[in-house]
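# Geometric and topological summary
One letter stands for each residue in the lines below.
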Amino acid sequence: MTEAILLVGGKGTRLRPLTVHTPKPMVRAAGVPFLTHQLARARAAGVEHIVLATSYLAEVFEPYFGDGSALGLHLEYVTEEEPLGTGGAIRNVASRLHSGPDEPVLIFNGDILTGLDIRALVDTHESTGADVSLHLTKVSDPRAYGLVPTDETGRVLAFLEKPQTPEEIVTDQINAGAYVFRRSVIDTIPAGRPVSVERETFPQLLAAGAHLQGMVDSTYWLDLGTPAAFVRGSADLVLGRAPSPAVPGRCGDRLVLPTAQVAPDAKLTGGTVVGEGAFVAEGARVFGSTILPGAVIEPGAVITDSLIGARARVGTRSVLTGTVIGDGAVIGPDNELREGARVWCDARIPAGAVRFSSDQ
């Protein structure tokens, strides 16, 4: 069976304060660490052996997932002493792979939520005889991504990093963060130093005449790098828009984990998740949001498209829209927080201290 490398070493700086105490792949989406969804989808596609390339807060992965047997997988963990980039991380774990030189190795970025047909990507790789195959997806505004134009057969023609002018936008196809490498190609990546597959490995392979194949799969795809995207991804998993066999319950408007308490007249909609031991009080309204374990939502609070950290508290009648509340933070009663607000872990906002409207 195909084996895989999962790149889970990033610091998740764009997600802070969610990632102050928790590495990005371990932040909960639809009730479980996001990494669980990736592992479960890989297993469903027939992958049996996965090596996790860890770095930031590396010590939290193995105590949670162990040897992977609970998921039907064999997991191994390799920790970088210094960040090595995507290519360096791949090269750093190569000694743990069992594949022969011509066999395929799957590689996933640890922050992409996707409905990719994994087997189809492997089949494309093998049927075309490619050295590396890339999952490509189409986006309406490709300026924030690396463009990957292909010919009529899907063969990659170039790698164009984040175009700035309309003339540079020659395709709407972008690198979607999942690859299949011929095992022997991984050994050509320089060892012991930072390497970017996007900026160094792929362009150099192309220049050397290697066969890089693109497969466009435009099913669900979301980069979970920002708080707003992470909250939306979790909601889409709960709603069933994003596929995962690891959602711990039936898809629907809400997911309430065991030991969570929700008042009978509280309203939870839009793919909201309430984590273990959390409490949502009477009259509260929560739409499309994630309430992490142990958090408390007091009476009459209104929370929309937000993430409330573990053990945090949102006070009576406070209104939060598009915000992130760090672990253990306390938002006093009668506050209003709007899009983009990030409250750091253990911070305290007094009653009525932040508002965008009159207090009357």
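Residues numbered from 1 in each chain as written. Predicted model: local features only at pLDDT ≥ 70, side-chain atom pairs only at ≥ 80, totals over all residues. Heavy atoms only, no water.

Looking at an unreviewed UniProt entry, one finds the protein named GDP-mannose pyrophosphorylase, with Streptomyces griseofuscus as its source organism. According to the UniProt record, the Sequence similarities (unreviewed entry) comment for the protein is "Belongs to the transferase hexapeptide repeat family." (UniProt positions renumbered as here; feature names shortened; annotations may be inferred.)

## Quick look at the pattern of salt bridges
Applying the stated rule across the entire model yields 13 salt bridges. Linking R193 and E200 is a salt bridge whose minimum nitrogen-to-oxygen distance equals 2.6 Å. Taking the relative accessible area as the measure of exposure, E200 reaches 17% and is therefore buried. Among the charged side chains, a salt-bridge network with shared partners connects D102, D131 and R182. (Salt bridge = Lys/Arg side-chain N within 4 Å of Asp/Glu carboxyl O. Buried < 20%, exposed > 50% of the residue type's maximum accessible area, 1.4 Å probe, protein only.)

## Points about the sheet that holds strand β28 (residues 348-349)
Judged by pairing direction, the sheet is parallel, and its six strands sit side by side in the order β13-β16-β19-β22-β25-β28 without closing on themselves. Taken across any chain shown, the strands that pair with only one partner, and hence form the sheet edges, are β13 (261-262) and β28. Across two bridges, strand β22 (residues 313-314) lies against strand β25 (residues 330-331) in parallel orientation. Among the inter-strand pairings, R313 is bridged to a residue of β25, identified as V330. (Pairing = 2+ DSSP bridges. Helix = DSSP H or I, 4+ residues; strand = E, 2+ residues; numbered from the N terminus.)

## Remarks on the domain arrangement of the protein
Here the domain parsing of the protein yields domain 1 (3-223) and domain 2 (253-349). The C-alpha centroid of domain 2 is placed 33 Å from the C-alpha centroid of domain 1. In this assembly, 11 residues from domain 1 lie in contact with 15 residues from domain 2. Between domain 1 and domain 2, roughly 1000 Å² of surface is buried when both sides are summed, and carbon and sulfur atoms account for 65% of that area. Taken as a group, P17, L18 and R28 account for 50% of the area that domain 1 buries against domain 2, more than any other trio of residues on that side. (Domains from an automatic or database assignment. Contact = heavy atoms within 4.5 Å. Buried area = accessible area lost by both parts, 1.4 Å probe.)

## Notes on the sheet that holds strand β24 (residues 324-325)
Across the sheet, six strands lie side by side as β12-β15-β18-β21-β24-β27; this open sheet has parallel pairing. Unpaired on one side and paired on the other, β12 (254-256) and β27 (342-343) mark the two borders of the sheet. Sheet topology places strand β15 (residues 272-274) next to strand β18 (residues 290-291); two bridges connect them, and they run parallel. If you follow V274 over to β18, its bridge partner there is I291. Contacts between helix α7 (residues 227-239) and the sheet are confined to β12, β15, β18, β21 (307-308), β24 and β27, with β15 contributing the most and set at about 90° to the helix. (Axes fitted to C-alpha atoms, helices over the stretch in contact; angles between N-to-C directions.)

## Examining helix α4 (residues 118-128)
All of the buried residues in α4 are I118, L121, V122, T124 and H125. One side of α4 carries all its buried residues, which in axial view fall inside an arc of 155°. At its buried positions, α4 is contacted by α1 (34-44), β6 (104-109), β8 (132-138), β9 (173-182) and β10 (212-216). Sitting at the head of α4, D117 places a side-chain oxygen 3.3 Å from the backbone nitrogen of R119. Residue G129 follows α4 closely and has a positive phi angle near 70°. (Arc of directions from axis to C-beta. Polar contact = N/O pair within 3.5 Å; in protein donor to acceptor, adjacent residues only side chain to side chain.)

## Focus on the side chain of R182
Secondary-structure assignment places R182 in strand β9. For R182, a relative accessible area of 17% gives the class buried. At 3.1 Å, the side chain of R182 and the backbone oxygen of G129 are in polar contact. Those residues in contact with R182 that sit more than four places away from it in its chain are P101, D102, E103, H125, G129, A130 and D131.

## Observations concerning the packing of aromatic side chains
Enumeration according to the criterion identifies seven aromatic pairs in this entry. Aromatic side chains Y145 and W221 sit 5.7 Å apart centroid to centroid with 70° between the ring planes, which places their arrangement in the edge-to-face category. Note that Y145 is positioned in the loop between β8 and β9 and W221 in strand β11 (residues 221-223), a separation of 76 residues in sequence. Counting every residue linked through ring pairs, the aromatic cluster contains F159, Y179, F181 and F202. (Phe/Tyr/Trp six-rings, centres within 6.5 Å; stacked < 30°, edge-to-face > 60°.)

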